[in-house]
Amino acid sequence: MTKAISLLIGWLLDLVFGDPQRLPHPVVWFGKMIAAAEHALNKGRHRLMKGAATAIGLILLVYGAGWALRHLLHGVDILAVMVFDVIVIFYCLAGTTLIREVRDVFLALDRSLEEGRTQVARIVGRDTTQLSAQEVRQAALETLAENLSDGVIAPLFFLALLGTPGMLAYKMVNTLDSMIGYRTQQYKDFGCWAAHIDDIANYIPARLTALLMVMVSGRWSLVRFVWRYGNHHASPNSGYPEAALAGILDCRFGGPHYYFGELFDKPFIGENDRSLTTADMRTAIRVNRMAEVAMVLGLMGGWALWALWA
């Protein structure tokens, strides 16, 4: 029951406040650790091996530190453990902030194309300087779907599997991939292991995310659509939540995009190349929130039943 209470409080904090802008954030620390390792090791020979050691070492370090701290707090008081869990859950969930960012993209685009491009550049890795208004909206909604998996469902999945230390370790996995997990000349060797570890970690959460999106939409026929288009993506996972949202909105995602000056020709997800609107953004946000609530309630209910049974 303490797990369920901690999850509820941590999730409500994220729901109300989003990412705390003026407080130290673990992901920022993770980013600094990765940047330091990349600067020191991503050169010379054996980059693949050095990248593997970096990725595995940092993930184990974060999990071990989280486990040790939680174990120490458990020897002090159960309330201290709950406070620790609440703080970790609050920091590791990233649903509210990206929803706000996506909403701001559409509002900025209503003012001017240039403002829309500038705003969407805050949340995507692709080159946004030449995007059309349609491509700006598409990029924002694709990111929203991916983030539901990476920023909400996957952290909660690892919370259920490995507790808050596992949740922290997953955030390191995700941060490694977002910083060095690219197939560019600079990162294709050093970031190879980071990318593959992220693929493995997100395999189940991505498909669970798509299932939750379809479930809350009430359109179970979209399971066939997701099955058809989920693998139409350079990533083995990102295509599934994107396909779910494309099916719900009856639109088309994907296509060629520039990353770090290099063109990546992504397959299309869906067939209806219609214009995206602010109403689509509102629908996407509503689906995201409902899927998030379903996951949280599912975990809390499962823990409550386990407590009663035990």
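Cut-offs and rules
Position numbers for residues start from 1 in each chain and track the written sequence from start to end. With pLDDT at 70 or above as the cut-off, local features in this predicted model cover only qualifying residues; side-chain atom pairs require 80 or more to be listed or tallied, and sums for whole chains, interfaces and linings still use all residues. In computing side-chain values, all of the structure's heavy atoms are included and hydrogens and water are not. Strands here mean DSSP runs of E at least two residues long; helices mean DSSP runs of H or I at least four residues long; both are numbered from the N terminus. The globule rule is 2.2 Å times the number of residues to the power 0.38, and the radius of gyration it is compared with is taken over C-alpha atoms. Here's how the labels work: a residue is buried when its accessible area is under 20% of the maximum for its type, exposed when over 50%, partly exposed in between, all with a 1.4 Å probe on protein chains only. By definition, residues are in contact when any of their heavy atoms lie within 4.5 Å. Reported accessibility uses the Shrake-Rupley method at a 1.4 Å probe radius. Residues are deemed covered only where the shown protein chains occlude them. Only four residue types enter the tally: Lys and Arg on the positive side, Asp and Glu on the negative side; His and the chain ends are excluded. A charged residue contributes its charge at one atom only: NZ of Lys, CZ of Arg, CG of Asp or CD of Glu. The term salt bridge refers to a pairing of a side-chain nitrogen on Lys or Arg with a carboxyl oxygen on Asp or Glu at a separation within 4 Å. Within this scheme, the nonpolar core is defined by two criteria: the residues are buried Ala, Val, Leu, Ile, Met, Phe, Trp, Tyr or Cys, and they are joined through side-chain atoms within 4.5 Å. A patch consists of residues whose relative accessible area exceeds 30% and which take part in no salt bridge; residues with like charges are grouped when within 9 Å of each other, and nonpolar side chains (Val, Leu, Ile, Met, Phe, Trp, Tyr) when within 5 Å. Here a pair means two rings of Phe, Tyr or Trp (six-membered ring of Trp) with centres within 6.5 Å. Their orientation is stacked below 30 degrees between planes, edge-to-face above 60, and tilted elsewhere. Angles run from 0 to 180 degrees between N-to-C directions of axes, and those axes are lines fitted to C-alpha atoms, restricted for helices to the stretch in contact. Every angle not falling under 35 degrees, over 145, or within 65 to 115 is termed oblique; those three ranges are roughly parallel, roughly antiparallel and roughly perpendicular.

**Some thoughts on the overall build of the protein**
Logical step 1: A count of helical and extended segments in the protein gives twelve helices and two strands.
Logical step 2: Along the protein, from the amino end to the carboxyl end, the secondary structure elements read α-α-α-α-α-α-α-α-α-α-α-β-β-α.
Logical step 3: Taken over C-alpha atoms, the radius of gyration comes to 20 Å for the protein, in line with the 19 Å a tight globule of 310 residues would show.
Logical step 4: Taken over the C-alpha atoms alone, the protein extends approximately 55 × 55 × 35 Å along its principal axes.
Logical step 5: Out of the 310 residues in the protein, the part that is buried amounts to 50%.
Logical step 6: For the protein, the proportion of contacts with a sequence separation of at least 24, taken over those separated by at least 6, is 71%.
Logical step 7: A total of about 15,200 Å² of accessible surface is found on the protein, and carbon and sulfur atoms cover 64% of it.
Logical step 8: In the protein, which carries 28 positive and 27 negative side-chain charges, the distance between the mean positions of the two groups comes to 2 Å.

**Description of the pattern of salt bridges**
Logical step 1: In the structure shown here, the tally under the stated rule is nine salt bridges.
Logical step 2: The salt bridge partner of Arg-70 is Asp-85, with a shortest N-O separation of 2.8 Å. With Arg-70 in helix H3 (residues 47–74) and Asp-85 in helix H4 (residues 78–92), this pair connects stretches of sequence that are 15 residues apart.

**Some points on the nonpolar core**
Logical step 1: Core analysis: the largest hydrophobic core is formed by 79 residues, its most contacted members being Leu-7, Val-102, Val-120, Leu-141, Leu-156 and Leu-176.
Logical step 2: With 22 residues, helix H7 (residues 133–180) is the largest single contributor of residues to this core.

**Things to note about a nonpolar patch on the surface**
Logical step 1: Taken together, the side chains of Leu-8, Leu-12, Leu-15, Val-16 and Phe-17 present a nonpolar region at the surface, about 420 Å² in accessible area.
Logical step 2: For Leu-15, the location among the structural elements is in helix H1 (residues 2–17).
Logical step 3: Here Leu-15 falls in the partly exposed class, since its relative accessible area comes to 30%.

**Notes on unusual backbone geometry**
The bulk of non-glycine residues show a negative phi, and the bulk of peptide bonds are trans.
Logical step 1: Even without being a glycine, His-46 presents a positive backbone phi close to 60°.
Logical step 2: Mapped onto the fold, His-46 is located in the loop between helix H2 (26–41) and H3.
Logical step 3: Exposure remark for His-46: the relative accessible area of 49% places this residue in the partly exposed category.
Logical step 4: Phi at Asp-250 takes a positive value of approximately 55°, unusual for a residue other than glycine.

**Points about the packing of aromatic side chains**
Logical step 1: Inspection of the entire model under this criterion finds six aromatic pairs.
Logical step 2: On the basis of an interplanar angle of 85° and a centroid distance of 5.3 Å, the ring pair of Phe-157 and Phe-158 is categorised as edge-to-face.
Logical step 3: Using a relative accessible area of 12% as the deciding quantity, one classes Phe-158 as buried.
Logical step 4: Between Phe-158 and Tyr-170, the aromatic rings sit 5.3 Å apart at their centres with planes inclined by 15°, giving stacked as the arrangement. Note on accessibility: Phe-158 and Tyr-170 belong to one class, buried.

**Considering the packing of helix H5 (residues 95–111) against helix H12 (residues 278–309)**
Logical step 1: Running from N to C, H5 and H12 point in directions that differ by 175°, and their axes come no closer than 11 Å. When the axis of H5 is compared with that of H12, the two are roughly antiparallel. Along its contact with H5, which presents Gly-95, Thr-96, Ile-99, Val-102, Arg-103, Phe-106 and Asp-110, the element H12 presents Thr-278, Met-281, Ile-285, Asn-288, Arg-289 and Glu-292.

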